[in-house]
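Chains, contacts and geometry: an overview
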Amino acid sequence: MADNRSIGVFDSGLGGLTVLSALLKKFPNESMAYLGDTARVPYGTKSPETVIKYALNNAKALMRSVDLKLLVVACNTATAHALPALQKELSIPVLGVIKPGAFEVSNRPEIKSVAVLATTGTIGSNAYEKTLNNQGYKGEVFSLACPLWVPLVEEGLIEGPIAESLARHYLDQLPKLPQAVILGCTHYPMLLTTLKKVMPAETIWIDSGHATAALAQFEPSNRDSGELKVYVTDAPERFRALSSVFLGYSVPERQIELIDVGVSE
């Protein structure tokens with residue numbers, strides 16, 4: 001039977017739009033609901049306990065607003081800290097972005113070394129290292145926190161001298177050049193053009209958004225086309241202005257709603 005319920009996606013802010021974009025391209029007939037917690041971004045510098053609380057806030061608020069059949073946690077930090085709690089608390093399947101990104105590396109035997117670039121919270125959780133190990137990956141793993149990249153992207157500074165300077169600031173800290181790089185924060189794919197200028201041309205780039213869309217499983221709808229609803233916790237006008245950077249078009253004002261996520265129980 002067809003399932004016309006929506007796919008829910010949430011992130012700390014704008015970065016999850018890279019995951020939403022991949023899902024929209026792969027599943028154009030599915031309706032989707034996106035929640036950006038723009039009032040509390042970034043998550044990467046916050047404690048695990050706070051991230052779990054925020055993630056539960058977002059998930060429950062989204063489920064109160066839209067009938068969902070799948071929830072995608074489009075935030076690496078929230079996936080690292082809150083995925084088990086979400087899967088335990090919610091009545092629908094919950095998919096994070098870490099396992100799919102790691103799978104793309106572990107499923108390619110030619111990759112003998114990989115750098116994980118992510119927020120402080122994701123790196124501190126060792127989530128990618130644990131997942132790669134559980135998937136049987138035997139290569140070298142270099143983990144590097146790049147906390148300034150999120151505010152950089154949130155300000156729309158994805159190219160130019162400032163972006164390139166901050167890219168070099170972090171990438172120069174890698175102990176050696178890896179064969180592959182996991183962009184372990186959904187904001188980071190927006191910096192890919194700049195990052196490619198700093199790294200060798202043969203570097204393999206792993207975008208968790210595309211990897212997540214490839215592994216998403218659900219009962220398909222019988223719609224001819226899907227609808228998109230967007231919820232934000234602060235500054236909807238700013239979200240709309242920057243959404244074009246991530247999606248290639250500005251989300252219409254009528255599709256963006258300010259939401260109060262409340263307090264988790």
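These notes cover the structure that comes with them. Please read all numbers here as calculations on a predicted model, not as lab measurements. In this numbering scheme, every chain counts its residues from 1 along its sequence in written order. Only residues with pLDDT of at least 70 get local features here, since the model is predicted, and only at 80 or more are side-chain atom pairs given and counted; chain-wide, interface and lining totals rely on the full set of residues. Excluded from the side-chain calculation are hydrogens and water; included are all heavy atoms of the structure.

**Comments concerning the environment of Leu183**
Starting at the N terminus, helices and strands are each numbered in turn, a helix being any DSSP run of H or I of at least four residues and a strand any DSSP run of E of at least two. Structurally, Leu183 is set in strand S7 (residues 180–183). According to the relative accessible area criterion, Leu183 is buried, its value standing at 1%. As a C-alpha pair, Leu183 and Val150 span 33 residues in sequence and 12 Å in three-dimensional space. Those residues in contact with Leu183 that sit more than four places away from it in its chain are Leu117, Tyr188, Pro189, Leu192, Leu195, Trp205, Ile206 and Ser208. Throughout this description, buried means an accessible area under 20% of the type-specific maximum (1.4 Å probe, protein chains only), exposed means over 50%, and partly exposed covers the range between. Should any heavy atoms of two residues lie within 4.5 Å, those residues are counted as being in contact.

**Things to note about the side chain of Ser31**
Turning to its location among the elements, Ser31 is positioned in the loop between helix H1 (17–26) and strand S2 (32–36). N or O atoms within 3.5 Å of each other form a polar contact, as long as, within protein, one can give a hydrogen and the other can take it, and as long as residues adjacent in sequence are counted only when both atoms are side-chain atoms. For Ser31, the side chain forms a polar contact with the main-chain nitrogen of Glu227, separated by 3.0 Å. If near-sequence neighbours (up to four positions away) are discounted, Ser31 is found in contact with Ser6, Ile7, Arg223, Gly226 and Glu227.

**So, the packing of aromatic side chains**
Here a pair means two rings of Phe, Tyr or Trp (six-membered ring of Trp) with centres within 6.5 Å. Their orientation is stacked below 30 degrees between planes, edge-to-face above 60, and tilted elsewhere. One pass over the structure, following the stated rule, counts five aromatic pairs. An angle of 40° between the planes, with centres 6.1 Å apart, marks the rings of Tyr34 and Phe239 as tilted. Linking Tyr34 in strand S2 with Phe239 in helix H11 (residues 236–247), this pair joins segments that are 205 residues apart in sequence. Classification of Phe239 as buried rests on a relative accessible area of 2%. Placement of a charge over a ring requires the Lys NZ or Arg CZ to be within 6 Å of the ring centre, with the centre-to-atom vector within 35 degrees of the ring normal. Over the aromatic face of Tyr54 sits the side chain of Arg40, whose NZ or CZ is 3.7 Å from the ring centroid.

**Structural notes on the sheet that holds strand S5 (residues 113–118)**
Two strands make a pair as long as DSSP finds a minimum of two bridges between them. The parallel open sheet is built from four strands, whose spatial order is S6-S5-S7-S8. Every interior strand has two partners, whereas the edge strands, strand S6 (140–145) and strand S8 (204–207), have only one. Taken over all neighbouring pairs, the strand axes of this sheet differ in orientation by 20° on average, direction set aside. Inspection of the sheet shows S7 paired to S8 by four bridges, in the parallel sense. The angle between two axes is taken between their N-to-C directions and runs from 0 to 180 degrees, where each axis is a line fitted to C-alpha atoms and a helix contributes only its stretch in contact.

**What about the packing of helix H2 (residues 48–65) against helix H3 (residues 76–89)?**
Running from amino to carboxyl end, H2 crosses H3 at an angle of 55°, the nearest separation of the two axes being 8 Å. With respect to their mutual orientation, H2 and H3 come out oblique. Helix-helix and strand crossings are classified by hand; for H2 and H3 the assignment is right-handed. Mapping the contact onto sequence places Pro48, Val51, Ile52, Ala55, Leu56, Ala59 and Lys60 in H2 and Thr77, Ala78, His81, Ala82, Ala85, Leu86 and Glu89 in H3. Across the contact of H2 with H3, the residue classes tally to ten nonpolar, two polar and two charged. By the definition adopted for this analysis, an angle is roughly parallel if under 35 degrees, roughly antiparallel if over 145, roughly perpendicular if from 65 to 115, and oblique otherwise. We call a crossing left-handed when the near helix sits turned anticlockwise from the far one by less than a right angle, and right-handed when that turn is clockwise. For this scheme, ten residues count as nonpolar: Ala, Val, Leu, Ile, Met, Phe, Trp, Tyr, Cys and Pro. Four count as charged, namely Asp, Glu, Lys and Arg, and the remainder, Gly too, count as polar.

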